[in-house]
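Secondary and tertiary structure notes
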Amino acid sequence: MSVDRVVQKWWHQEVEGGMRKPVGVEDQYARAADDDMKILVVGAGIAGVTIAQLLRRDGRNPVLIERAAGEGHPGYMLALMPMVDAALDDLGVRQIYVDNSIPLGRYGFRSHTGRMLRRDSMAAVLDRFGDYRGIGRGELMDVLAADGCEVAYGTTVTALDDSPEQATVTFDTPAGNLRLAFDLVIVADGIHSATRELVLGDRGVDVVDTAWGGWVVWASPDVDGDMGEELWGAGFFLGVYPVLGQLGVFLGGPSEELKASPEVFVDSVRKRLKTISPRTDRVLRAVADDPAPFYWPLSDCRAPVWADGRTVLLGDAAAGFLPTAGIGAGMAMESAWVLARILRYAEPGNVERLLRHYESSQRPRVEAAQDTSRNLAGLMFRRSSMLAVLRDIAMRVLSIQVAIRPIQRLLRDRPDPDASAAAVAGRLAPRS
């Protein structure tokens, strides 16, 4: 499926189809007239929609804005681990999620020359913690917005004055400039967040640039619909990840080698393989044949602070992940759920204290997961043939469980935001 067709599908489903409804800032703000707190959410991606919808389920009326004027993200595949389950349950969309995703039961690993080295059961590794499922990004956005989600499109924050009393925000909207006061601002506008710069000032963001990138395309499904597989090559990476009704494909390599064209790079990959399975052949053809594959530069970011006064960073704006461990979207949704639970105990007078508590409790979890992604990138994104041979030898004897053991610890030691927030807020129960 080409990027153009994916964008058209996204626009029809999420905007025209009624999942995400264009509603201006002033109209959304008016709905919050009687709220105990006025809340702004910047960014209508996975983290932003999750937190906005959770707050709405809790009876608040946050203003949700999105810089895109209409065209959405072209879409890619996601493998979501069980840390998303709590958010889905609180949103009341677990069954919709199940209906629009597929279980990922197996993981296949191919040698750098293309031969299948091993197949491992993901169910045996993760089932005791919950569901591990594949879903397209567009389908996930539909799930999160199933109740209807109001968004002000084509809207950005141009100034943010955060004082002890309130945060005053200046917007650039399709109708002109606008200035409004909020008790809380949640910045969730992605890894390249412009709003984050208004919050951090000259405090720099830590970035890991792998100097690799890759193309994302879609291919038709096959008989191994429950098996994701990866091929860690010498100077390239090929991943195939099933979602409902199709296969997500990622072909990556050093950025300078990808400048020519997908077709040229696919040819170079074929020449390095001694074994080309039917699935490998088909997905490589899908990359070469797609007229406009989505390009993904492989870098991440880590903000030095999350909470600053009445403003907090969330999702990729706080910690943007490399896709190597398949956990970035899951951690963004978990963080949104933790923050929403903590905010049940919030009122204008304790917002700053609760935001600092949120950062101190959730940031170590997120950065531990991000470290896992960074460590895997160091193993996967290599050009050396000798290292590729050594990796193959190691993978013959090591199961996928070894690679994701840090993630298993995160799944085992889940956060309990209600207990901690109650203590910090000095309240025995959340707001009713």
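The rules we used
- Residues numbered from 1 in each chain as written.
- Predicted model: local features only at pLDDT ≥ 70, side-chain atom pairs only at ≥ 80, totals over all residues.
- Heavy atoms only, no water.
- Helix = DSSP H or I, 4+ residues; strand = E, 2+ residues; numbered from the N terminus.
- Rg over C-alpha atoms; globule rule 2.2 N^0.38 Å.
- Buried < 20%, exposed > 50% of the residue type's maximum accessible area, 1.4 Å probe, protein only.
- Contact = heavy atoms within 4.5 Å.
- Areas by Shrake-Rupley, 256 points an atom, 1.4 Å probe, with all protein chains shown as cover.
- Lys, Arg positive; Asp, Glu negative; His and termini not counted.
- Charge placed at Lys NZ, Arg CZ, Asp CG, Glu CD.
- Phe/Tyr/Trp six-rings, centres within 6.5 Å; stacked < 30°, edge-to-face > 60°.
- Pairing = 2+ DSSP bridges.
- Axes fitted to C-alpha atoms, helices over the stretch in contact; angles between N-to-C directions.
- Salt bridge = Lys/Arg side-chain N within 4 Å of Asp/Glu carboxyl O.
- Polar contact = N/O pair within 3.5 Å; in protein donor to acceptor, adjacent residues only side chain to side chain.
- Core = buried A, V, L, I, M, F, W, Y, C linked by side-chain atoms within 4.5 Å.

Description of the overall build of the protein chain
Within the protein chain one finds 16 helices and 21 strands. Relative to a compact globule of 432 residues, whose C-alpha radius of gyration would be 22 Å, the protein chain shows 22 Å and is just as compact. Projected onto its principal axes, the C-alpha coordinates of the protein chain cover approximately 65 × 45 × 45 Å. In the protein chain, buried positions account for 58% of the 432 residues. The long-range fraction of contacts in the protein chain, counting pairs at least 24 apart against all pairs at least 6 apart in sequence, stands at 77%. Summing over all exposed atoms, the protein chain offers an accessible surface of approximately 16900 Å²; the carbon and sulfur share of this is 52%. Both charge centroids of the protein chain, one from 49 positive and one from 57 negative side chains, sit 7 Å from each other.

With respect to the packing of aromatic side chains
Counted according to the given criterion, the structure contains 12 aromatic pairs. The interplanar angle of 80° and the centroid separation of 5.2 Å between the aromatic rings of F109 and W232 together place this pair among those described as edge-to-face. With F109 in strand β6 (residues 106–110) and W232 in strand β15 (residues 227–232), this residue pair connects regions lying 123 residues apart in the sequence. With a relative accessible area of 8%, W232 lands in the buried category. Ring plane angle 55° and centroid distance 6.1 Å describe the contact between F237 and F250, whose orientation is recorded as tilted.

Section: the sheet that holds strand β10 (residues 156–162)
Pairing in this open sheet of 3 strands is antiparallel, and the strands run β10-β11-β12 from one edge to the other. Looking at the sheet topology across the chains shown, the edges are occupied by β10 and β12 (176–182). Within the sheet, the average angular offset between the axes of one strand and its neighbour, ignoring direction, is 20°. Note that strand β11 (residues 167–173) and β12 share 7 bridges and pair antiparallel. When the sheet's bridge partners are listed, T173 is paired in β12 with G176.

Re the pattern of salt bridges
Evaluation of the coordinates by the stated rule reveals 31 salt bridges. Two residues, R94 and D85, come together in a salt bridge whose shortest N-O distance is 3.8 Å. Under the relative-accessibility criterion, R94 is labelled partly exposed at 25%. Note that R302 is salt-bridged to E367, the shortest N-O span being 3.8 Å. Placement of R302 in strand β18 (residues 294–302) and of E367 in helix α12 (residues 351–380) is noted, with a sequence separation of 65 residues between them. Take R302: its relative accessible area is 15%, and that puts it in the buried class. Given the relative accessible area of 15%, E367 is considered buried. The structure contains a network of salt bridges with shared partners spanning D58, D90, R341, R344 and D418.

Concerning the pairing of β10
Alignment of β10 against β11, held across 6 bridges, turns out to be antiparallel. The partner of L160 across the bridge, within β11, is V169. Connecting β10 to the antiparallel partner β11 that follows it, the hairpin turn spans 4 residues.

Things to note about the sheet that holds β18
Read from one edge of the open sheet, 8 strands run β7-β6-β15-β16-β17-β14-β18-β21, paired in mixed fashion. Every other strand in the sheet has two partners, leaving β7 (116–121) and β21 (319–320) as the edge strands with one partner each. Running over the sheet, helix α10 (residues 278–289) touches β6, β14 (206–219), β15, β16 (237–243) and β17 (246–254) and is turned about 100° from β14.

Considering the side chain of R196
Of note, R196 is situated in helix α8 (residues 195–200). An unpaired buried charge is present at R196: no salt bridge exists, and E197, the closest side chain of opposite charge, is 6.1 Å distant. Here the side chain of R196 touches I191 through a polar contact of 2.9 Å, landing on its backbone oxygen. The residues contacting R196, other than those within four sequence positions of it, are V187, G190, I191, V205, C301, L313, D316 and A317.

Thoughts on the nonpolar core
With 121 residues, the main nonpolar core has L40, F171 and I186 as its most contacted residues. The element that contributes the greatest number of residues to this core is helix α11 (residues 328–343), accounting for 11 residues. Apart from the residues lying within four places of it in its own chain, the contact partners of I186 are I39, L40, V41, V42, I51, L55, V312, L314, L339 and L343.

Re the side chain of T311
One can find T311 in strand β20 (residues 311–313). A distance of 3.0 Å separates the side chain of T311 from the side chain of D162, its partner in a polar contact. Setting aside chain neighbours within four positions, we find T311 in contact with L160, D162, V185, V187, V199, W306 and L355.

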